[in-house]
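Overview (structure and organization)
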Amino acid sequence: MKFSTYTLLSQLILGYVWLVFGGILWIEATSNVNIEKFAIVGAPIAIVLGYFINTFSSWIENGLFWLWRGKPSRRLIEGTANGKIIFYSHKELRKLIQQDLGKYYSDQPTSDPKELDELFGHTLSFVSSGPNRYEEFNASYAFSRGLIVTLIGGWIAFLIGQTLDVCPIGAWYHLFWILILVAFFRTKERAYYLAREAIANYYRIKSGG
């Protein structure tokens, strides 16, 4: 079976990470694990686990946008993004999109979420046109987002193991929260790269740049 990059990163690998957590807990609880059986059933179980991890991570997306103080695509289009990932030609971009949509163009930046999502949605209709790395960035973002859910779930599993006196969490507690914070900020960065790639691709095509 051939997996797409998106499926490989957002489902299969994350599912295997969960299996590793489960394997560690199982070894701690029973001091025994059948490696051959684990390898045989690992792939299909990992895909199923990864599917649900990907689903849960999509459900928390709005919460992530809130913690990031705004949806990356909206902030890039309205010109309020800061840091190293910004789009300088946001005024020209809005003009091009509004002309495409037959809307009246205004130099004043819009802050209406529905309008900003409509403008960004229009850029997504061009992601299959011209050379771009949108699919690559999309897979990377999905992986980073799912990793947050995976790590939180792993922390909860080890915490339950500690409560049941199956596995002392010890240093795992601090390690998980460090990894969760790293994944959180990395996911934010990946989200901005993804949105900027869609926007930049549209701008290149429409402006002839």
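As shown above, the structure is provided for reference.
Residues numbered from 1 in each chain as written. Predicted model: local features only at pLDDT ≥ 70, side-chain atom pairs only at ≥ 80, totals over all residues. Heavy atoms only, no water.

Taken as a whole and assessed by the stated rule, the structure comprises 9 aromatic pairs. Centroid distance Phe65 to Trp68: 5.9 Å. Interplanar angle 55°. Geometry classified as tilted. Of the two residues, Phe65 and Trp68, neither departs from the other in class, the shared state being buried. An aromatic cluster of at least three residues, connected via ring pairs, comprises Phe65, Trp68, Phe184 and Phe185. (Phe/Tyr/Trp six-rings, centres within 6.5 Å; stacked < 30°, edge-to-face > 60°. Buried < 20%, exposed > 50% of the residue type's maximum accessible area, 1.4 Å probe, protein only.)

Moving on: the environment of His174. With respect to the helices and strands, the residue His174 is situated in helix 8 (residues 172-207). Residues His174 and Trp155, spaced 19 residues apart in sequence, show a C-alpha to C-alpha distance of 9.6 Å. (Helix = DSSP H or I, 4+ residues; strand = E, 2+ residues; numbered from the N terminus.)

Moving on, we come to the pattern of salt bridges. Under the defined criterion, the tally for this structure stands at 8 salt bridges. Here Glu61 and Arg145 are joined by a salt bridge, their closest N and O atoms 3.1 Å apart. Taken together, the residues span a long stretch of sequence, with Glu61 in helix 3 (residues 61-67) and Arg145 in helix 7 (residues 134-163) at a distance of 84 residues. Residue class for Arg145 comes out buried when judged on its relative accessible area of 7%. Between Asp117 and Lys71 there is a salt bridge, with its nearest N and O atoms 3.5 Å apart. Of the two residues, Asp117 sits in helix 6 (residues 113-124) while Lys71 sits in the loop between helix 3 and helix 4 (72-78), which places them 46 residues apart along the sequence. Through salt bridges with shared partners, a single network forms among Lys71, Arg74 and Asp117. (Salt bridge = Lys/Arg side-chain N within 4 Å of Asp/Glu carboxyl O.)

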